[in-house]
Amino acid sequence: MKMKTLTVNAIIAALYVAVSLAIPALAYGNLQFRIAEMFNHLIVFNKRYFFGIVAGVFITNLFSPLGIYDLTFGVAHSVISLGIVLLIIPRLKSETHKMIATAVVFTFTTFIIAYELVLVYELPFYLTWLTVGAGELVVMLVGIPVIQALGKRLNLATLLD
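The structure reproduced in this document is the subject of the present report. Just so it is clear, the model here is predicted, and its values are computed rather than measured.

A look at the overall build of the chain
Consideration 1: Helix and strand counts for the chain stand at seven helices and zero strands.
Consideration 2: Starting at the N terminus, the α and β elements of the chain follow one another as α-α-α-α-α-α-α.
Consideration 3: In summary, the chain has a C-alpha radius of gyration of 15 Å against a globular reference of 15 Å for 161 residues, a match within 12%.
Consideration 4: Over its C-alpha atoms, taken along the principal directions, the chain stretches across nearly 45 × 30 × 25 Å.
Consideration 5: Buried positions account for 47% of the 161 residues belonging to the chain.

So, a nonpolar patch on the surface
Consideration 1: On the surface, a nonpolar cluster with roughly 380 Å² of combined accessible area is contributed by Val 138, Val 142, Val 146, Leu 150 and Leu 154.
Consideration 2: Within the secondary structure layout, Leu 154 lies in helix H7 (residues 125-154).

Comments concerning the nonpolar core
If you look at soluble globular proteins, the nonpolar side chains tend to sit buried side by side.
Consideration 1: With 29 residues, the main nonpolar core has Leu 42, Tyr 49, Leu 82 and Ile 147 as its most contacted residues.
Consideration 2: Elements supplying a minimum of two residues to this core: helix H1 (3-22), helix H3 (50-61), helix H4 (68-88), helix H5 (95-108) and H7.
Consideration 3: In this view, Leu 42 contacts Ile 12, Tyr 49, Ile 53, Ile 147 and Leu 156; residues no more than four positions away in its chain are not counted.

Description of unusual backbone geometry
Consideration 1: With phi around 55 degrees, Glu 122 is a residue other than glycine that occupies positive phi space.
Consideration 2: Locating Glu 122 in the fold gives a position in the loop between helix H6 (111-121) and H7.
Consideration 3: With a relative accessible area of 71%, Glu 122 lands in the exposed category.

A word on empty space enclosed by the protein
Consideration 1: The final tally for this structure, using the stated rule, is two cavities of 30 Å³ or more.
Consideration 2: Roughly 150 Å³ of volume is contained in the largest cavity.
Consideration 3: In terms of lining residues, the largest cavity is bounded by 19 residues, among which Gln 32, Arg 34, Gly 74, His 77 and Ile 113 are the most central.
Consideration 4: Listed by contribution, the elements that provide at least two residues to the lining of the largest cavity are H3, H4, H6 and H7.
Consideration 5: Broken down by class, the residue content of the lining of the largest cavity amounts to seven nonpolar, seven polar and five charged.
Consideration 6: Lining the second largest cavity are Val 19, Ser 20, Ile 23, Leu 26, Ala 27, Phe 33, Arg 34 and Ile 35.
Consideration 7: Only H1 and helix H2 (24-27) provide two or more residues apiece to the lining of the second largest cavity.
Consideration 8: Here the residues of the lining of the second largest cavity are counted per class, giving six nonpolar, one polar and one charged.

Description of H7
Consideration 1: Here H7 spans 40 Å end to end across 30 residues, near enough to the 44 Å set by a 1.5 Å rise per residue.
Consideration 2: The sharpest bend along H7 comes to roughly 35 degrees, located at Ile 144, with the proline Pro 145 sitting one to four residues further on.
Consideration 3: Residues Thr 128, Val 132, Gly 133, Gly 135, Glu 136, Val 139, Met 140, Gly 143, Ile 144, Ile 147, Gln 148 and Gly 151 constitute the buried set of H7.
Consideration 4: Looking at the buried positions of H7, the neighbouring elements they touch are H4, H5 and H6.
Consideration 5: Positioned one or two residues after H7, Asn 155 has a phi angle of 50 degrees, which is positive.

Criteria and cut-off values
Residues numbered from 1 in each chain as written. Predicted model: local features only at pLDDT ≥ 70, side-chain atom pairs only at ≥ 80, totals over all residues. Heavy atoms only, no water. Helix = DSSP H or I, 4+ residues; strand = E, 2+ residues; numbered from the N terminus. Rg over C-alpha atoms; globule rule 2.2 N^0.38 Å. Buried < 20%, exposed > 50% of the residue type's maximum accessible area, 1.4 Å probe, protein only. Patch = residues over 30% accessible without salt bridge, like charges linked within 9 Å, V, L, I, M, F, W, Y side chains within 5 Å. Areas by Shrake-Rupley, 256 points an atom, 1.4 Å probe, with all protein chains shown as cover. Salt bridge = Lys/Arg side-chain N within 4 Å of Asp/Glu carboxyl O. Core = buried A, V, L, I, M, F, W, Y, C linked by side-chain atoms within 4.5 Å. Contact = heavy atoms within 4.5 Å. 1 Å grid on protein atoms, 1.4 Å probe; cavity = no way out; pocket = protein on both sides within 12 Å on 5 of 7 lines; lining within 4 Å. Points joined across faces, edges and corners; volume = space filled by probe spheres on them. Nonpolar A, V, L, I, M, F, W, Y, C, P; charged D, E, K, R; others polar. Expected span 1.5 Å × (residues − 1). Bend = angle between axes of the 7 residues up to and from the residue.

In structure tokens:
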């Protein structure tokens, strides 16, 4: 891995952690608005952002009150969702459509997080999936214009080249 790629991914991971831990009450639980989830849209610009996103999730989940559960399920959610997105987005033309697809995939796959919360807190699965998914969808949709603006300013597509 090139030093530039490693450095940029380390910055992304650090930003993910800083944004998540700035308001930890919103980052964990059955009703969450983990603002840093908008960084998932970076995968649309370059698949090499995968490492920074996953590292950010892993480090953030080290601080989770759910411990190993969040490390396992949270990282699995990100890896699986990013993998699905990488399979889907080459078929889409516009950046906006790719980001909407990313939001839909991440929202749908929150069933992984819902299952984790069912195991830990014995919450009702479908209601938990609904609340976690709703928070994910809101953050991901709000994140589209934010990441698009950053993409234009920082040229995210070629930043790792």
